[in-house]
Amino acid sequence: MPGWRLPRGSEVFRTCPDVLFIFELVFGGLVWILIASSLVPLPLAQGWVMFVSVFCFVGTTVLLFLYIINIHDRKISWYILDAVYHCIAALFYLSAVVLEGLVTNIMDHDLNFTQEHYHENLVATVSPPVNPPVLTAPTAC
């Protein structure tokens with residue numbers, strides 16, 4: 001595919017769209033930590049948010065490792081895998097934002113939760129929207 005190359009070896013840390021893998025790991029880890037440390041008023045919704053966070057963190061780590069060891073050999077199937085993974089991850093994160101926003105809204109109107117719990121969940125709600133643009137940039141570039 002002319003004009004679009006998958007990263008190879010240390011290129012992952014030097015090229016523009018590929019360096020975003022590092023940001024994916026950092027922000028994905030932060031979301032994971034925020035969800036794990038927040039209060040759980042609605043376990044099913046926050047369970048999905050935690051699954052999304054862990055799935056995307058592990059998926060990005062595996063993809064980054066495979067690119068570093070140059071296992072893809074620039075085959076067309078790896079371009080498709082890269083695009084599909086980033087699209088699925090972006091959709092997962094957007095669904096997680098909606099569910100975490102719902103939980104935060106419930107906490108805002110429930111008197112059993114402190115402002116500290118509400119603010120923790122608010123930050124956990126605001127953090128995932130950073131990831132979809134970071135996730136889709138390698139696919140779009």
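Residues numbered from 1 in each chain as written. Predicted model: local features only at pLDDT ≥ 70, side-chain atom pairs only at ≥ 80, totals over all residues. Heavy atoms only, no water.

Q: Where do I start with the overall build of the protein chain in this structure?
A: Helices and strands together make up the secondary structure of the protein chain, namely 5 helices and 0 strands. Secondary structure elements of the protein chain occur, N-terminal to C-terminal, as α-α-α-α-α. Taking all 141 residues of the protein chain together, 41% fall into the buried category. Looking at the protein chain alone, contacts between residues at least 24 apart form 76% of all its contacts between residues at least 6 apart. If you sum the accessible surface of the protein chain, you get close to 7,500 Å²; carbon and sulfur atoms cover 75% of it. (Helix = DSSP H or I, 4+ residues; strand = E, 2+ residues; numbered from the N terminus. Buried < 20%, exposed > 50% of the residue type's maximum accessible area, 1.4 Å probe, protein only. Contact = heavy atoms within 4.5 Å. Areas by Shrake-Rupley, 256 points an atom, 1.4 Å probe, with all protein chains shown as cover.)

Q: Is there a simple way to think about a nonpolar patch on the surface in this case?
A: On the surface, Phe51, Phe55, Ile76, Ile80, Val84 and Ile88 cluster together to form a nonpolar patch covering roughly 520 Å² of accessible area. For the nonpolar patch, the elements supplying multiple residues, two or more each, are helix H2 (43–68) and helix H3 (76–109). With respect to the helices, strands and loops of the structure, Ile80 is situated in helix H3. (Patch = residues over 30% accessible without salt bridge, like charges linked within 9 Å, V, L, I, M, F, W, Y side chains within 5 Å. Salt bridge = Lys/Arg side-chain N within 4 Å of Asp/Glu carboxyl O.)

Q: Is there a simple way to think about H2 in this case?
A: Because an α-helix completes one turn every 3.6 residues, residues spaced three or four positions apart along the sequence face the same direction. Compared with the 38 Å implied by 1.5 Å per residue over 26 residues, the 37 Å span of H2 between its first and last C-alpha is a close match. Two residues or fewer after H2 comes Asn70, characterised by a positive phi angle close to 60°. (Expected span 1.5 Å × (residues − 1).)

Q: Looking at this model, I keep getting lost on the nonpolar core. Mind explaining?
A: In globular proteins that are soluble, nonpolar side chains generally tend to be buried together. Grouped together as the largest cluster of nonpolar side chains are 17 residues, with contacts concentrated most on Phe21, Cys56, Leu63 and Tyr67. Elements represented by at least two residues in this core include exactly helix H1 (16–37), H2 and H3. When residues in this core are grouped by element, the largest group, 7 residues, is from H2. (Core = buried A, V, L, I, M, F, W, Y, C linked by side-chain atoms within 4.5 Å.)

Q: Would you mind showing me how to read the confidence of the model for the protein chain here?
A: Segments scoring low in pLDDT should not have their predicted coordinates read at a detailed level. Within the protein chain, residue pLDDT values average 74, and 74% of them lie at 70 or more. Put simply, helix H5 (residues 131–140) is where the protein chain has its lowest mean pLDDT, 49, and H2 is where it has its highest, 85. This stretch, residues 134–141, has a pLDDT under 50; its non-local contacts, to residues over four places away or in other chains, come to 24 contacts. (pLDDT = per-residue confidence, 0-100.)

Q: So what exactly am I meant to see when it comes to the side chain of Thr60 here?
A: Mapped onto the secondary structure, Thr60 falls in helix H2. Judged by relative accessible area, Thr60 falls into the buried class, the value being 2%. With residues near it in sequence (within four places) discarded, Thr60 still touches Phe21, Glu24, Leu25 and Tyr85.

Q: How should the packing of H2 against H3 be read in this particular structure?
A: At their nearest, the axes of H2 and H3 sit 9 Å apart, and the two run at 155° to each other. When the axis of H2 is compared with that of H3, the two are roughly antiparallel. Like other packed secondary-structure pairs, H2 and H3 cross with a definite hand, here left-handed. Looking at the contact of H2 with H3 residue by residue, the class counts come to 20 nonpolar, 6 polar and 2 charged. (Axes fitted to C-alpha atoms, helices over the stretch in contact; angles between N-to-C directions. Parallel < 35°, antiparallel > 145°, perpendicular 65-115°, else oblique. Left-handed = near helix turned anticlockwise from the far one by under 90°. Nonpolar A, V, L, I, M, F, W, Y, C, P; charged D, E, K, R; others polar.)

Q: Looking at this structure, I do not really get the packing of aromatic side chains. What am I missing?
A: Aromatic ring pairs are defined here through the distance separating the ring centres and the angle between the ring planes. According to the stated counting rule, one finds 6 aromatic pairs in the structure shown. For the ring pair Phe51 and Phe55, a centre distance of 5.8 Å and an interplane angle of 25° mean the geometry is stacked. Of the two residues, Phe51 and Phe55 both sit in helix H2, 4 residues apart, roughly one turn of that helix. Aromatic pair Phe55 and Tyr85: ring centres 6.5 Å apart, planes at 45°, arrangement tilted. Placement of the pair is Phe55 in helix H2 and Tyr85 in helix H3, with a sequence separation of 30 residues. (Phe/Tyr/Trp six-rings, centres within 6.5 Å; stacked < 30°, edge-to-face > 60°.)

Q: In this structure, what is going on with the environment of Val98? I would like to understand it.
A: Turning to its location among the elements, Val98 is positioned in helix H3. Under the relative-accessibility criterion, Val98 is labelled exposed at 59%.

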